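# Topology and contacts: notes
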Amino acid sequence: MKIYRKLRQIINDSRRKSIVFYNEIFAETKVHRFPQEPSSDRDWRALCELAAWYQRHLSKKIILLTEQKAKFTPPDSIVVMSTKEYIQTYWSQHTLLNDLVQGLADVVLEEDEFGKIKFSSKQRTNEAAVSGYVEYKSIEELEVGIKSGRYFSGTLRCKKDHRDQAYISANDGRNILITGNDHRNRAGKYFDSFKYERDYVTNASQPSGRVVGILNRNWRSYVATVQEDEVGGSIHLAIPLDPVIPKIRIRYNNVKLIENQRIVVRIDNWPVSSQYPNGHFVRSLGPIHELDTEISAILVEHDISVSQASQGFSEASLREMPLDSPESPWQPEKEEIDKRRDLRDLVVFSIDPPNCQDIDGLFFSFSK
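Chains are numbered independently. Their residues run from 1 in the order of the written sequence. The predicted origin of the model limits local features to residues at a pLDDT of at least 70 and limits the giving and counting of side-chain atom pairs to 80 or more, whereas totals for whole chains, interfaces and linings rest on all residues. With hydrogens and water excluded, all non-hydrogen atoms of the structure serve as input to the side-chain values.

- The chain is annotated in an unreviewed UniProt entry as Ribosomal RNA-processing protein 44 from Rhizopus delemar.
- UniProt positions are given in the numbering used here, feature names are shortened, and annotations may be inferred rather than shown by experiment. Under the Subcellular location (unreviewed entry) heading, UniProt states for the chain: "Nucleus".
- For the chain, the Sequence similarities (unreviewed entry) comment in UniProt is given as "Belongs to the RNR ribonuclease family."

So, in structure tokens, the structure goes:
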């Protein structure tokens, strides 16, 4: 549902210029499943058929992106690339995109026994797990454990004054204590909800538990600064402003450009073999301790969108506004004037700055 809602937001935003094409009910792109054919093979044929139709319809080259290029054979008329190949071919000069590809180089897609695609790490089979960390249990195993009463689910909350302590509210009203990094098992404040195994102690007033799987991740953007390193290289640790969030390992080739700056980073994955999560650099907010930089940092940390201030209102919002142009200036309707107090003979101004889009400060007026 979370991915579905995100897609709906993209589609409804006119600035994205996205559309929904129902290829399953269109005769020229409808693809039937053969007897005994795996659903993944049928879906691949449907994507290729759709790409071929778009190529004929638009008379433009269509590129199909997939991370399972080796598994399927595309038609000769369709260009198929992995994300890495696409970026290296068409965006080779874009530093941020190439750094992101390198940061995700250890992430692979796997298909489990149920035919579901999942993310995993290449390091999982090559490196030993960090002491105390264990692999998360599969969704199927967690669902069975939930039904049997062995596992419980909830939202993890971390204590601000104790980084190594977290808790979850149980159905009986008590808090289940998650103590130490071992029991948190790479779960943290940036995870939304997870499965945990409750480990009650006889006659204990405070039950405790440990994390055994992640249900939903709530990753967001984090403001951080790069840790000063004596050794060069492209791998660096970013220290988040939020003390509850662990250091995040990022890749950046020229770290001198972002030293002593507030930067925005995002977490990509956290292998069981790593002490820190892996992430990537998003953008720089500016030098630390500067007013504009710190204001932007506060907005990012509290997940407040500043898109309206930087990009203006969307077309959908502007369409709801009355028409106001030099040729046809807007005038209030007579019914609206009759039910209001007319102060147009006074000079009225506010203390808000120029170009402010939310005028809610102090107003002052005086007679002409």
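There's more to say after this.
### Some remarks on unusual backbone geometry
- One non-glycine residue with positive phi stands out, namely Q36, at about 65°.
- The residue Q36 is located in the loop between α1 (2–12) and α2 (39–58) in this model.
- Exposure categories follow from relative accessible area, calculated using a 1.4 Å probe and restricted to protein chains: below 20% of the type maximum is buried, above 50% is exposed, and the middle band is partly exposed. Residue Q36 is classed as exposed on the basis of its relative accessible area, which comes to 80%.
- Positive phi, normally seen in glycine, also occurs at H289, with a value near 75°.
- The exposure class assigned to H289 is exposed, which follows from its relative accessible area of 67%. In this text, helices come from DSSP runs of H or I with a minimum length of four residues, and strands from runs of E with a minimum of two, each type numbered from the N-terminal end.

### Remarks on the environment of I239
- In this fold, I239 is placed in strand β12 (residues 235–240).
- By relative accessible area, I239 is classed as partly exposed at 33%.
- With residues up to four places along the chain from it excluded, the contact list for I239 reads V223, A224, T225, Q227 and K247. Contact between two residues is taken to exist if any of their heavy atoms lie within 4.5 Å; hydrogens are not considered.

### A few points about helix α5 (residues 139–148)
- Taken as a whole, α5 has its buried residues at E140, L142 and G145.
- A positive phi of about 90° marks G149, the residue just after α5.

### Side note on the packing of aromatic side chains
- Pairing of aromatic side chains requires ring centres within 6.5 Å, counting the rings of Phe and Tyr and the six-membered ring of Trp. Pairs whose planes differ by under 30 degrees are stacked, by over 60 edge-to-face, and all others tilted. Summed over all chains, the structure comprises eight aromatic pairs.
- Ring geometry for F26 against W53: centres 5.3 Å apart, planes inclined by 80°, an arrangement best described as edge-to-face. You can see F26 sitting in the loop between α1 and α2 and its partner W53 sitting in helix α2, a full 27 residues away along the chain.
- Relative accessible area serves as the criterion here: at 27%, F26 is assigned to the partly exposed category.
- Three or more aromatic residues joined by ring pairs form one cluster here, namely F21, F26, W53 and Y54.

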